[in-house]
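Inside the fold
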Amino acid sequence: MTHHRSELLMPAGNLRKLKMAILYGADAVYLGTPDMSLRTKSQFSLEDVIEGVNFCHEHGKRAYLTLNLFSHNKDIPKLDEYIETVRKVNPDGLIIADPGVFQYVRERAPEIPLHISTQSNICSWLSVKFWEQQGAQLCVLAREVSYPELKEIREKCPDIKLEAFVHGAMCMTYSGRCLLSNFMAERGANQGNCANSCRWNYTFRLRLKDGTVQDLNITDENAEMFEFLLEEGCRPGELMPIEEDARGSYILNSKDLCIMPKLDEYLSIGVDSLKVEGRGKSEYYAAIVARAYRMAIDDYYADPENWDPKPYMRELEAVGNRGYTLAFHDGRLTNYAHGFEHTASLAQWEYAGVVTEVTEDAFLIEVKNKLEAGDVLEFVSPIARETILLRAYDFEEAATGKRLDVVHGSTKTVIRIPFDLFDHEELDVLKTLFPVYSVLRKERALTEEQWSRIRLDKLTQGLETSGKDNPKTYARRRDSLIENIGDASEERRFKTNRVGTEGCCGRGCNGCLIFWQDDQYAKARDALLRRKQGEQLSREEAKTLKLVP
(Lines give C-alpha, C1' and ligand atoms only; values in the text may rest on other atoms or scores of the structure.)
Protein backbone atom coordinates (compact mmCIF):
# COMPACT_ATOMS: atom_id res chain seq x y z
CA MET A 1 0.00 0.00 0.00
CA THR A 2 1.34 3.45 -0.94
CA HIS A 3 0.84 5.96 1.83
CA HIS A 4 -0.50 9.32 0.78
CA ARG A 5 -0.26 12.59 2.66
CA SER A 6 -1.76 12.35 6.13
CA GLU A 7 -5.15 13.98 6.33
CA LEU A 8 -6.16 16.43 9.06
CA LEU A 9 -9.43 15.25 10.59
CA MET A 10 -11.37 17.80 12.63
CA PRO A 11 -14.48 17.45 14.81
CA ALA A 12 -17.78 19.09 13.84
CA GLY A 13 -20.32 19.58 16.64
CA ASN A 14 -22.69 21.63 14.50
CA LEU A 15 -22.97 22.95 10.97
CA ARG A 16 -21.13 26.21 11.63
CA LYS A 17 -18.21 24.43 13.30
CA LEU A 18 -18.04 22.09 10.33
CA LYS A 19 -17.78 24.98 7.88
CA MET A 20 -15.15 26.78 9.95
CA ALA A 21 -13.04 23.63 10.31
CA ILE A 22 -13.10 23.08 6.55
CA LEU A 23 -12.35 26.72 5.73
CA TYR A 24 -9.42 26.77 8.17
CA GLY A 25 -7.70 23.74 6.70
CA ALA A 26 -9.29 20.42 7.64
CA ASP A 27 -9.06 17.69 5.00
CA ALA A 28 -12.01 15.94 6.58
CA VAL A 29 -14.51 16.24 9.43
CA TYR A 30 -16.44 13.73 11.50
CA LEU A 31 -20.01 14.39 12.59
CA GLY A 32 -23.19 12.67 13.65
CA THR A 33 -26.69 12.98 15.08
CA PRO A 34 -27.18 12.72 18.85
CA ASP A 35 -29.46 9.68 18.74
CA MET A 36 -27.10 7.46 16.74
CA SER A 37 -23.61 8.50 17.82
CA LEU A 38 -21.77 8.88 21.11
CA ARG A 39 -22.41 12.62 21.34
CA THR A 40 -25.67 13.34 23.14
CA LYS A 41 -24.96 17.07 22.81
CA SER A 42 -24.53 16.97 19.03
CA GLN A 43 -26.45 19.79 17.37
CA PHE A 44 -26.88 18.09 14.00
CA SER A 45 -30.25 17.14 12.58
CA LEU A 46 -30.28 14.73 9.65
CA GLU A 47 -30.94 17.73 7.38
CA ASP A 48 -27.84 19.45 8.80
CA VAL A 49 -25.81 16.31 8.15
CA ILE A 50 -26.84 16.35 4.49
CA GLU A 51 -25.93 20.03 4.14
CA GLY A 52 -22.64 19.52 5.98
CA VAL A 53 -21.51 16.60 3.83
CA ASN A 54 -22.44 18.51 0.68
CA PHE A 55 -20.41 21.50 1.93
CA CYS A 56 -17.37 19.26 2.40
CA HIS A 57 -17.69 17.72 -1.03
CA GLU A 58 -18.17 21.12 -2.69
CA HIS A 59 -14.83 22.15 -1.16
CA GLY A 60 -13.08 18.94 -2.19
CA LYS A 61 -12.98 17.62 1.39
CA ARG A 62 -14.22 14.45 3.08
CA ALA A 63 -16.93 13.82 5.66
CA TYR A 64 -17.21 10.82 7.97
CA LEU A 65 -20.43 10.07 9.83
CA THR A 66 -20.51 8.55 13.31
CA LEU A 67 -22.64 5.54 14.09
CA ASN A 68 -20.49 4.54 17.05
CA LEU A 69 -23.20 3.80 19.60
CA PHE A 70 -23.19 0.54 21.53
CA SER A 71 -26.59 -0.66 20.48
CA HIS A 72 -29.50 -1.65 22.69
CA ASN A 73 -32.55 -3.39 21.28
CA LYS A 74 -34.38 -0.07 21.11
CA ASP A 75 -31.75 1.33 18.74
CA ILE A 76 -32.05 -1.36 16.08
CA PRO A 77 -35.32 -0.12 14.47
CA LYS A 78 -33.60 3.22 13.76
CA LEU A 79 -30.76 1.63 11.84
CA ASP A 80 -32.58 1.07 8.56
CA GLU A 81 -33.75 4.69 8.41
CA TYR A 82 -30.27 5.91 9.26
CA ILE A 83 -28.66 3.70 6.62
CA GLU A 84 -31.08 4.95 3.95
CA THR A 85 -30.29 8.54 4.91
CA VAL A 86 -26.57 7.83 4.83
CA ARG A 87 -26.92 6.38 1.35
CA LYS A 88 -28.47 9.63 0.11
CA VAL A 89 -25.73 11.70 1.72
CA ASN A 90 -22.90 9.61 0.27
CA PRO A 91 -20.35 10.09 3.08
CA ASP A 92 -16.71 9.09 2.72
CA GLY A 93 -16.90 6.75 5.67
CA LEU A 94 -19.09 5.55 8.53
CA ILE A 95 -17.48 5.26 12.00
CA ILE A 96 -18.74 2.21 13.93
CA ALA A 97 -17.82 0.64 17.29
CA ASP A 98 -20.39 -2.14 17.83
CA PRO A 99 -19.54 -5.40 15.96
CA GLY A 100 -23.25 -6.11 15.51
CA VAL A 101 -23.88 -2.70 13.97
CA PHE A 102 -20.80 -3.19 11.77
CA GLN A 103 -22.15 -6.45 10.40
CA TYR A 104 -25.68 -5.01 10.01
CA VAL A 105 -24.45 -2.06 7.93
CA ARG A 106 -22.00 -4.14 5.90
CA GLU A 107 -24.78 -6.48 4.82
CA ARG A 108 -27.31 -3.74 3.98
CA ALA A 109 -25.00 -1.06 2.57
CA PRO A 110 -21.82 -2.75 1.34
CA GLU A 111 -20.85 0.31 -0.72
CA ILE A 112 -20.28 2.49 2.37
CA PRO A 113 -16.65 2.50 3.65
CA LEU A 114 -16.60 1.41 7.30
CA HIS A 115 -14.21 2.83 9.91
CA ILE A 116 -13.69 1.32 13.37
CA SER A 117 -14.19 3.82 16.20
CA THR A 118 -11.76 4.54 19.03
CA GLN A 119 -14.49 3.13 21.29
CA SER A 120 -13.36 -0.31 20.16
CA ASN A 121 -10.05 0.30 21.98
CA ILE A 122 -7.74 -1.01 19.28
CA CYS A 123 -4.26 -1.23 20.82
CA SER A 124 -2.48 -3.89 18.77
CA TRP A 125 -1.78 -4.94 15.21
CA LEU A 126 -3.67 -8.16 15.96
CA SER A 127 -6.90 -6.19 16.49
CA VAL A 128 -6.25 -4.13 13.37
CA LYS A 129 -5.78 -7.35 11.35
CA PHE A 130 -9.08 -8.68 12.73
CA TRP A 131 -11.06 -5.64 11.61
CA GLU A 132 -9.29 -5.60 8.26
CA GLN A 133 -10.44 -9.17 7.67
CA GLN A 134 -14.01 -8.15 8.55
CA GLY A 135 -13.94 -5.56 5.79
CA ALA A 136 -13.04 -2.34 7.64
CA GLN A 137 -11.14 0.24 5.59
CA LEU A 138 -9.76 2.23 8.55
CA CYS A 139 -9.07 1.67 12.23
CA VAL A 140 -8.97 4.46 14.80
CA LEU A 141 -6.33 3.53 17.35
CA ALA A 142 -6.88 4.01 21.08
CA ARG A 143 -5.28 7.02 22.74
CA GLU A 144 -3.29 4.61 24.93
CA VAL A 145 -1.27 3.36 21.96
CA SER A 146 2.33 4.56 22.24
CA TYR A 147 4.38 5.75 19.27
CA PRO A 148 6.59 2.61 19.22
CA GLU A 149 3.40 0.51 19.17
CA LEU A 150 1.91 2.71 16.45
CA LYS A 151 5.04 2.30 14.36
CA GLU A 152 4.90 -1.50 14.69
CA ILE A 153 1.20 -1.54 13.79
CA ARG A 154 1.95 0.52 10.69
CA GLU A 155 4.68 -1.93 9.64
CA LYS A 156 2.56 -5.04 10.20
CA CYS A 157 -0.65 -3.57 8.74
CA PRO A 158 0.37 -1.77 5.54
CA ASP A 159 -2.88 -2.36 3.64
CA ILE A 160 -5.42 -0.68 5.93
CA LYS A 161 -5.72 2.97 6.85
CA LEU A 162 -4.76 3.99 10.38
CA GLU A 163 -6.08 6.96 12.31
CA ALA A 164 -4.47 8.35 15.48
CA PHE A 165 -5.47 11.09 17.91
CA VAL A 166 -3.11 14.05 17.92
CA HIS A 167 -4.96 16.71 19.89
CA GLY A 168 -7.74 17.18 22.45
CA ALA A 169 -9.01 16.24 25.87
CA MET A 170 -7.75 13.11 27.59
CA CYS A 171 -9.76 10.86 29.88
CA MET A 172 -8.35 10.26 33.37
CA THR A 173 -8.97 6.54 32.98
CA TYR A 174 -8.80 4.12 30.07
CA SER A 175 -10.48 6.07 27.27
CA GLY A 176 -13.82 4.72 26.23
CA ARG A 177 -14.24 2.78 29.44
CA CYS A 178 -14.87 5.43 32.12
CA LEU A 179 -17.89 5.03 34.40
CA LEU A 180 -16.97 7.72 36.94
CA SER A 181 -19.32 10.32 35.45
CA ASN A 182 -22.14 7.76 35.28
CA PHE A 183 -21.65 6.94 38.96
CA MET A 184 -21.16 10.48 40.27
CA ALA A 185 -23.62 12.41 38.12
CA GLU A 186 -25.66 9.85 36.17
CA ARG A 187 -24.28 11.31 32.94
CA GLY A 188 -22.91 8.88 30.35
CA ALA A 189 -19.20 9.54 29.92
CA ASN A 190 -19.05 7.41 26.80
CA GLN A 191 -22.02 9.12 25.19
CA GLY A 192 -20.46 12.56 24.98
CA ASN A 193 -22.23 13.68 28.15
CA CYS A 194 -19.34 13.44 30.61
CA ALA A 195 -19.61 15.55 33.76
CA ASN A 196 -15.80 15.60 34.07
CA SER A 197 -16.05 14.16 37.58
CA CYS A 198 -12.32 13.48 37.50
CA ARG A 199 -11.68 17.24 37.38
CA TRP A 200 -13.80 18.17 40.40
CA ASN A 201 -12.31 19.57 43.60
CA TYR A 202 -11.41 16.66 45.88
CA THR A 203 -9.83 16.77 49.34
CA PHE A 204 -7.29 14.18 50.39
CA ARG A 205 -8.12 12.26 53.57
CA LEU A 206 -6.50 9.38 55.45
CA ARG A 207 -8.31 6.73 57.46
CA LEU A 208 -6.75 4.60 60.18
CA LYS A 209 -7.62 0.93 60.28
CA ASP A 210 -9.81 1.62 63.33
CA GLY A 211 -12.04 3.80 61.10
CA THR A 212 -11.02 7.25 62.35
CA VAL A 213 -10.32 9.96 59.75
CA GLN A 214 -7.41 12.29 60.46
CA ASP A 215 -4.81 14.54 58.87
CA LEU A 216 -1.61 12.52 59.12
CA ASN A 217 2.00 13.01 58.17
CA ILE A 218 3.02 10.13 55.89
CA THR A 219 6.55 8.77 56.16
CA ASP A 220 8.24 5.63 54.88
CA GLU A 221 7.98 4.19 58.38
CA ASN A 222 4.20 4.57 58.81
CA ALA A 223 2.85 4.43 55.22
CA GLU A 224 1.65 0.82 55.55
CA MET A 225 -0.70 1.79 58.41
CA PHE A 226 -3.13 3.75 56.24
CA GLU A 227 -5.69 3.63 53.45
CA PHE A 228 -5.76 6.52 50.96
CA LEU A 229 -9.11 8.10 50.15
CA LEU A 230 -10.67 11.03 48.28
CA GLU A 231 -13.45 13.32 49.44
CA GLU A 232 -15.31 15.29 46.73
CA GLY A 233 -16.19 18.88 47.67
CA CYS A 234 -19.99 18.45 47.36
CA ARG A 235 -20.11 15.08 49.15
CA PRO A 236 -18.51 15.54 52.58
CA GLY A 237 -18.16 12.27 54.41
CA GLU A 238 -18.18 10.07 51.30
CA LEU A 239 -14.61 8.73 51.30
CA MET A 240 -13.44 6.93 48.15
CA PRO A 241 -10.31 4.73 48.17
CA ILE A 242 -7.43 5.41 45.78
CA GLU A 243 -5.78 2.33 44.37
CA GLU A 244 -2.84 1.90 42.00
CA ASP A 245 -1.98 -1.18 39.98
CA ALA A 246 1.18 -2.07 38.06
CA ARG A 247 0.23 0.33 35.26
CA GLY A 248 -0.10 3.27 37.62
CA SER A 249 -2.93 5.42 38.91
CA TYR A 250 -4.50 7.68 36.29
CA ILE A 251 -6.33 10.01 38.68
CA LEU A 252 -7.20 12.85 38.40
CA ASN A 253 -7.05 15.79 36.00
CA SER A 254 -5.36 14.86 32.76
CA LYS A 255 -3.86 17.64 30.68
CA ASP A 256 -4.88 17.90 27.04
CA LEU A 257 -3.23 15.74 24.42
CA CYS A 258 -1.00 17.63 21.99
CA ILE A 259 1.27 15.62 19.70
CA MET A 260 2.45 18.71 17.79
CA PRO A 261 6.03 18.53 19.22
CA LYS A 262 6.28 14.98 17.79
CA LEU A 263 3.99 15.38 14.76
CA ASP A 264 6.87 14.82 12.34
CA GLU A 265 7.20 11.25 13.64
CA TYR A 266 3.56 10.51 12.79
CA LEU A 267 3.93 12.02 9.34
CA SER A 268 7.15 10.14 8.64
CA ILE A 269 5.59 6.69 9.10
CA GLY A 270 2.45 7.43 7.09
CA VAL A 271 -0.39 7.67 9.62
CA ASP A 272 -3.31 8.13 7.24
CA SER A 273 -5.51 10.32 9.41
CA LEU A 274 -4.54 12.70 12.23
CA LYS A 275 -7.55 13.14 14.47
CA VAL A 276 -8.43 16.13 16.65
CA GLU A 277 -10.90 15.60 19.51
CA GLY A 278 -13.56 18.14 20.41
CA ARG A 279 -17.04 18.01 18.88
CA GLY A 280 -18.32 19.75 21.99
CA LYS A 281 -15.77 22.55 21.82
CA SER A 282 -16.18 26.00 20.34
CA GLU A 283 -16.10 27.12 16.73
CA TYR A 284 -13.04 29.19 17.63
CA TYR A 285 -11.32 25.96 18.71
CA ALA A 286 -12.29 24.32 15.42
CA ALA A 287 -10.84 27.19 13.40
CA ILE A 288 -7.58 27.85 15.26
CA VAL A 289 -6.60 24.22 15.89
CA ALA A 290 -7.29 23.34 12.24
CA ARG A 291 -5.18 26.32 11.16
CA ALA A 292 -2.24 25.33 13.37
CA TYR A 293 -2.13 21.71 12.23
CA ARG A 294 -2.72 22.65 8.58
CA MET A 295 0.36 24.89 8.61
CA ALA A 296 2.41 22.27 10.46
CA ILE A 297 1.51 19.44 8.09
CA ASP A 298 2.10 21.49 4.94
CA ASP A 299 5.45 22.76 6.21
CA TYR A 300 6.61 19.26 7.07
CA TYR A 301 5.95 17.97 3.56
CA ALA A 302 7.60 21.05 2.07
CA ASP A 303 10.80 20.70 4.14
CA PRO A 304 10.84 17.78 6.60
CA GLU A 305 14.49 18.22 7.53
CA ASN A 306 14.00 21.72 8.92
CA TRP A 307 10.55 21.25 10.42
CA ASP A 308 10.14 22.93 13.84
CA PRO A 309 6.98 22.71 15.99
CA LYS A 310 7.50 25.99 17.89
CA PRO A 311 5.50 28.38 15.66
CA TYR A 312 2.52 26.02 15.61
CA MET A 313 2.64 25.55 19.37
CA ARG A 314 2.36 29.33 19.76
CA GLU A 315 -0.80 29.18 17.68
CA LEU A 316 -2.23 26.37 19.82
CA GLU A 317 -1.56 28.43 22.94
CA ALA A 318 -4.25 30.83 21.68
CA VAL A 319 -6.87 28.15 22.39
CA GLY A 320 -8.10 27.29 25.87
CA ASN A 321 -6.38 24.18 27.23
CA ARG A 322 -5.58 22.42 30.50
CA GLY A 323 -1.90 22.36 29.70
CA TYR A 324 -0.52 20.16 26.94
CA THR A 325 0.91 16.67 27.28
CA LEU A 326 2.31 13.99 24.96
CA ALA A 327 0.24 11.54 27.05
CA PHE A 328 1.04 7.93 26.03
CA HIS A 329 3.39 8.83 23.18
CA ASP A 330 6.40 7.29 24.89
CA GLY A 331 4.42 4.59 26.69
CA ARG A 332 3.74 5.08 30.39
CA LEU A 333 2.40 8.47 31.44
CA THR A 334 4.90 10.87 33.01
CA ASN A 335 4.23 12.86 36.16
CA TYR A 336 3.78 15.90 33.90
CA ALA A 337 0.71 14.46 32.17
CA HIS A 338 -1.68 15.56 34.93
CA GLY A 339 -2.43 18.90 36.52
CA PHE A 340 -3.18 18.41 40.19
CA GLU A 341 -3.27 22.04 41.30
CA HIS A 342 -5.52 23.74 38.74
CA THR A 343 -8.07 22.14 36.39
CA ALA A 344 -9.50 25.06 34.39
CA SER A 345 -9.02 25.47 30.65
CA LEU A 346 -6.88 28.58 30.04
CA ALA A 347 -5.38 30.69 27.26
CA GLN A 348 -3.78 34.10 26.96
CA TRP A 349 -6.19 34.93 24.14
CA GLU A 350 -9.95 34.66 23.69
CA TYR A 351 -12.53 34.58 20.93
CA ALA A 352 -13.38 38.19 20.09
CA GLY A 353 -15.79 37.76 17.19
CA VAL A 354 -16.59 36.22 13.82
CA VAL A 355 -17.19 37.85 10.45
CA THR A 356 -20.84 37.36 9.52
CA GLU A 357 -20.92 39.53 6.40
CA VAL A 358 -18.52 41.38 4.11
CA THR A 359 -20.12 44.49 2.61
CA GLU A 360 -18.72 46.92 0.07
CA ASP A 361 -17.05 49.04 2.72
CA ALA A 362 -16.93 47.10 6.00
CA PHE A 363 -16.84 43.87 7.96
CA LEU A 364 -19.90 42.98 10.02
CA ILE A 365 -18.75 41.08 13.10
CA GLU A 366 -20.73 39.19 15.73
CA VAL A 367 -19.08 39.87 19.09
CA LYS A 368 -18.27 36.75 21.13
CA ASN A 369 -16.56 38.17 24.24
CA LYS A 370 -16.46 41.58 25.88
CA LEU A 371 -14.73 44.28 23.82
CA GLU A 372 -13.45 47.53 25.29
CA ALA A 373 -12.04 50.66 23.68
CA GLY A 374 -8.28 50.19 23.39
CA ASP A 375 -8.48 46.46 22.65
CA VAL A 376 -6.38 45.16 19.79
CA LEU A 377 -8.35 42.81 17.55
CA GLU A 378 -6.41 40.17 15.66
CA PHE A 379 -8.02 39.07 12.39
CA VAL A 380 -7.11 35.44 11.71
CA SER A 381 -7.46 34.50 8.05
CA PRO A 382 -8.54 31.03 6.88
CA ILE A 383 -6.47 31.67 3.74
CA ALA A 384 -3.30 33.59 4.66
CA ARG A 385 -0.81 32.90 7.44
CA GLU A 386 -0.22 36.53 8.32
CA THR A 387 -2.78 37.94 10.72
CA ILE A 388 -3.88 41.58 10.75
CA LEU A 389 -4.10 43.66 13.92
CA LEU A 390 -6.46 46.57 14.48
CA ARG A 391 -6.60 48.75 17.58
CA ALA A 392 -10.21 49.71 18.33
CA TYR A 393 -10.92 53.15 19.79
CA ASP A 394 -14.68 52.51 19.91
CA PHE A 395 -17.25 50.27 18.24
CA GLU A 396 -20.08 51.01 15.81
CA GLU A 397 -23.25 49.02 16.39
CA ALA A 398 -24.21 47.79 12.92
CA ALA A 399 -27.98 47.99 13.42
CA THR A 400 -28.13 51.55 14.77
CA GLY A 401 -24.81 53.25 13.99
CA LYS A 402 -24.42 54.01 17.70
CA ARG A 403 -20.85 54.41 18.98
CA LEU A 404 -20.00 52.19 21.95
CA ASP A 405 -17.00 52.07 24.30
CA VAL A 406 -17.89 48.58 25.52
CA VAL A 407 -19.65 45.68 23.82
CA HIS A 408 -20.66 42.58 25.79
CA GLY A 409 -20.40 39.22 24.07
CA SER A 410 -23.55 37.79 25.67
CA THR A 411 -25.68 40.32 23.76
CA LYS A 412 -24.75 38.86 20.33
CA THR A 413 -24.19 42.41 19.15
CA VAL A 414 -23.05 42.85 15.54
CA ILE A 415 -20.52 45.64 15.05
CA ARG A 416 -19.37 47.33 11.85
CA ILE A 417 -15.64 47.76 11.19
CA PRO A 418 -15.08 49.97 8.10
CA PHE A 419 -12.26 49.06 5.73
CA ASP A 420 -10.85 52.60 5.95
CA LEU A 421 -9.63 51.79 9.49
CA PHE A 422 -7.04 49.46 7.97
CA ASP A 423 -4.43 51.94 6.76
CA HIS A 424 -1.83 49.28 5.85
CA GLU A 425 -3.99 46.96 3.73
CA GLU A 426 -5.63 47.10 0.31
CA LEU A 427 -9.41 46.74 0.05
CA ASP A 428 -9.39 43.80 -2.37
CA VAL A 429 -6.87 41.95 -0.21
CA LEU A 430 -9.01 42.39 2.90
CA LYS A 431 -12.11 41.07 1.16
CA THR A 432 -10.21 38.07 -0.21
CA LEU A 433 -8.38 37.10 2.97
CA PHE A 434 -11.25 37.50 5.44
CA PRO A 435 -14.46 35.95 4.11
CA VAL A 436 -17.51 35.09 6.18
CA TYR A 437 -16.61 32.83 9.15
CA SER A 438 -13.20 34.46 9.63
CA VAL A 439 -12.46 34.67 13.36
CA LEU A 440 -11.07 37.48 15.50
CA ARG A 441 -9.26 37.08 18.80
CA LYS A 442 -7.94 39.41 21.48
CA GLU A 443 -5.72 39.26 24.53
CA ARG A 444 -7.34 38.04 27.70
CA ALA A 445 -6.61 39.56 31.10
CA LEU A 446 -5.63 36.86 33.61
CA THR A 447 -5.18 36.69 37.37
CA GLU A 448 -1.76 35.98 38.86
CA GLU A 449 -3.01 32.49 39.64
CA GLN A 450 -3.80 31.92 35.98
CA TRP A 451 -0.48 33.38 34.81
CA SER A 452 1.29 31.05 37.26
CA ARG A 453 -0.61 28.08 35.80
CA ILE A 454 0.41 29.03 32.27
CA ARG A 455 4.07 29.38 33.27
CA LEU A 456 4.00 25.97 34.95
CA ASP A 457 2.29 24.42 31.92
CA LYS A 458 4.92 25.75 29.54
CA LEU A 459 7.70 24.41 31.75
CA THR A 460 6.24 20.93 32.12
CA GLN A 461 5.47 20.74 28.41
CA GLY A 462 9.10 21.52 27.63
CA LEU A 463 10.40 19.01 30.19
CA GLU A 464 8.13 16.25 28.93
CA THR A 465 8.97 16.90 25.27
CA SER A 466 12.72 17.03 25.87
CA GLY A 467 12.79 14.09 28.28
CA LYS A 468 14.80 16.19 30.69
CA ASP A 469 14.09 17.00 34.31
CA ASN A 470 14.48 20.21 36.30
CA PRO A 471 13.08 19.51 39.77
CA LYS A 472 14.13 22.85 41.29
CA THR A 473 12.47 25.00 38.63
CA TYR A 474 9.43 22.73 38.60
CA ALA A 475 9.06 22.95 42.38
CA ARG A 476 9.47 26.74 42.29
CA ARG A 477 6.78 27.26 39.67
CA ARG A 478 4.45 24.71 41.24
CA ASP A 479 4.82 26.39 44.63
CA SER A 480 4.21 29.79 43.03
CA LEU A 481 0.95 28.50 41.57
CA ILE A 482 -0.13 27.05 44.92
CA GLU A 483 0.71 30.33 46.65
CA ASN A 484 -1.33 32.33 44.13
CA ILE A 485 -4.24 29.91 44.48
CA GLY A 486 -4.12 30.59 48.21
CA ASP A 487 -4.11 34.35 47.67
CA ALA A 488 -7.33 34.11 45.61
CA SER A 489 -6.75 37.57 44.14
CA GLU A 490 -9.12 38.56 41.33
CA GLU A 491 -6.90 41.37 40.04
CA ARG A 492 -6.18 40.80 36.34
CA ARG A 493 -3.55 41.97 33.89
CA PHE A 494 -2.81 41.59 30.17
CA LYS A 495 0.37 40.19 28.69
CA THR A 496 1.13 43.38 26.76
CA ASN A 497 1.41 46.84 28.23
CA ARG A 498 -1.87 48.70 28.69
CA VAL A 499 -1.06 51.59 31.03
CA GLY A 500 1.25 54.40 29.91
CA THR A 501 2.87 57.27 31.82
CA GLU A 502 1.09 60.14 33.53
CA GLY A 503 -1.17 61.92 31.07
CA CYS A 504 -1.98 58.69 29.19
CA CYS A 505 -5.57 57.48 29.17
CA GLY A 506 -4.35 53.98 30.02
CA ARG A 507 -6.02 52.29 27.06
CA GLY A 508 -2.77 51.19 25.53
CA CYS A 509 -3.56 52.74 22.16
CA ASN A 510 -0.15 54.42 21.70
CA GLY A 511 -1.97 56.79 19.37
CA CYS A 512 -2.41 60.01 21.36
CA LEU A 513 -0.57 63.23 20.58
CA ILE A 514 1.57 63.18 23.74
CA PHE A 515 2.96 59.82 22.67
CA TRP A 516 3.80 60.95 19.14
CA GLN A 517 5.22 64.35 20.11
CA ASP A 518 7.08 64.00 23.41
CA ASP A 519 10.83 63.27 23.13
CA GLN A 520 10.68 60.74 25.98
CA TYR A 521 8.70 58.39 23.73
CA ALA A 522 11.13 58.52 20.79
CA LYS A 523 12.44 54.96 21.26
CA ALA A 524 8.95 53.58 21.70
CA ARG A 525 7.73 55.35 18.56
CA ASP A 526 10.64 53.94 16.59
CA ALA A 527 9.88 50.44 17.86
CA LEU A 528 6.20 50.66 16.91
CA LEU A 529 6.83 52.12 13.47
CA ARG A 530 8.74 48.96 12.54
CA ARG A 531 5.75 46.77 13.38
CA LYS A 532 2.50 46.03 11.67
CA GLN A 533 -0.59 48.02 12.48
CA GLY A 534 -1.96 47.45 15.98
CA GLU A 535 0.97 45.48 17.40
CA GLN A 536 1.54 46.44 21.03
CA LEU A 537 4.60 46.75 23.20
CA SER A 538 5.05 43.90 25.64
CA ARG A 539 5.24 44.70 29.34
CA GLU A 540 8.97 43.97 29.29
CA GLU A 541 9.53 46.31 26.33
CA ALA A 542 7.50 49.03 27.99
CA LYS A 543 9.67 48.77 31.10
CA THR A 544 12.86 48.84 29.02
CA LEU A 545 11.64 51.96 27.23
CA LYS A 546 10.63 53.44 30.60
CA LEU A 547 6.97 53.79 29.70
CA VAL A 548 5.88 52.08 32.91
CA PRO A 549 7.52 51.92 36.35
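Structure first, text after, so check above.
Quick summary incoming for the structure in this document. (Residues numbered from 1 in each chain as written. Predicted model: local features only at pLDDT ≥ 70, side-chain atom pairs only at ≥ 80, totals over all residues. Heavy atoms only, no water.)

Concerning the environment of aspartate 420
Within the element layout of this structure, aspartate 420 appears in the loop between β23 (414-418) and α11 (427-433). Since its relative accessible area comes to 65%, aspartate 420 is described here as exposed. For the pair aspartate 420 and aspartate 361, spaced 59 residues apart in sequence, the C-alpha to C-alpha distance is 7.8 Å. (Helix = DSSP H or I, 4+ residues; strand = E, 2+ residues; numbered from the N terminus. Buried < 20%, exposed > 50% of the residue type's maximum accessible area, 1.4 Å probe, protein only.)

What to know about the packing of helix α12 (residues 448-466) against helix α13 (residues 471-487)
Look at α12 against α13: their axes get within 8 Å of each other, and the N-to-C directions meet at 160°. Considered as vectors, α12 and α13 are oriented roughly antiparallel to each other. Judged by the twist between their axes, the crossing of α12 over α13 is left-handed. On α13, the residues touching Glu448, Glu449, Ser452, Arg453, Arg455, Leu456, Leu459 and Thr460 of α12 are Thr473, Tyr474, Arg477, Arg478, Ser480, Leu481, Asn484 and Ile485. (Axes fitted to C-alpha atoms, helices over the stretch in contact; angles between N-to-C directions. Parallel < 35°, antiparallel > 145°, perpendicular 65-115°, else oblique. Left-handed = near helix turned anticlockwise from the far one by under 90°. Contact = heavy atoms within 4.5 Å.)

Details of the packing of aromatic side chains
Within this structure, the stated rule accounts for 13 aromatic pairs. With centroids separated by 5.2 Å and ring planes inclined at 65°, the aromatic side chains of phenylalanine 102 and tryptophan 131 adopt a geometry described as edge-to-face. Remark: tryptophan 131 occurs in helix α5 (residues 125-134) and phenylalanine 102 occurs in helix α4 (residues 99-108); sequence separation between them is 29 residues. When sorted by exposure, phenylalanine 102 lands in the same class as tryptophan 131, which is buried. Aromatic side chains tyrosine 300 and tyrosine 301 sit 5.5 Å apart centroid to centroid with 75° between the ring planes, which places their arrangement in the edge-to-face category. The class for tyrosine 300 is buried, based on a relative accessible area of 12%. Directly above the ring of phenylalanine 165 sits arginine 143, whose terminal nitrogen or CZ lies 3.8 Å from the centroid. For the cation-ring pair, lysine 275 lies above tyrosine 30, with the distance from its terminal atom to the ring centre recorded as 4.4 Å. (Phe/Tyr/Trp six-rings, centres within 6.5 Å; stacked < 30°, edge-to-face > 60°. Lys NZ or Arg CZ within 6 Å of the ring centre and 35° of its normal.)

Remarks on the side chain of lysine 262
Inspection of the secondary structure puts lysine 262 in the loop between β12 (256-258) and α8 (263-268). Among buried Asp, Glu, Lys and Arg side chains, lysine 262 stands out as unpaired, with glutamate 265 the closest opposite charge at 4.4 Å. Beyond its immediate chain neighbours, meaning those up to four positions away, lysine 262 contacts Leu326, His329 and Thr465. (Lys, Arg positive; Asp, Glu negative; His and termini not counted. Salt bridge = Lys/Arg side-chain N within 4 Å of Asp/Glu carboxyl O.)

Focus on the nonpolar core
Counting 94 residues, the largest nonpolar core has Val29, Leu94, Met260 and Leu263 as the members making the most contacts within it. With 13 residues, helix α9 (residues 283-302) is the single largest residue contributor to this core. What valine 29 contacts, discounting residues up to four positions off in sequence, is Leu9, Met10, Ala12, Leu18, Ala21, Ile22, Cys56, Arg62, Ala63 and Tyr64. Among the nonpolar cores identified, the runner-up in size contains 23 residues, and Ala352, Leu404, Phe419 and Leu440 belong to it. (Core = buried A, V, L, I, M, F, W, Y, C linked by side-chain atoms within 4.5 Å.)

Quick notes on the pattern of salt bridges
Under the counting rule described, the total for this entry stands at 36 salt bridges. A salt bridge links lysine 458 to glutamate 317, with the nearest nitrogen and oxygen atoms 2.7 Å apart. Highlighted residues: lysine 458 in helix α12 and glutamate 317 in the loop between α10 (310-316) and β14 (324-325), separated in sequence by 141 residues. Between glutamate 350 and lysine 442 there is a salt bridge, with its nearest N and O atoms 3.2 Å apart. Separated by 92 residues along the polypeptide, glutamate 350 in strand β15 (residues 349-358) and lysine 442 in strand β24 (residues 439-443) bring together distant segments of the chain.

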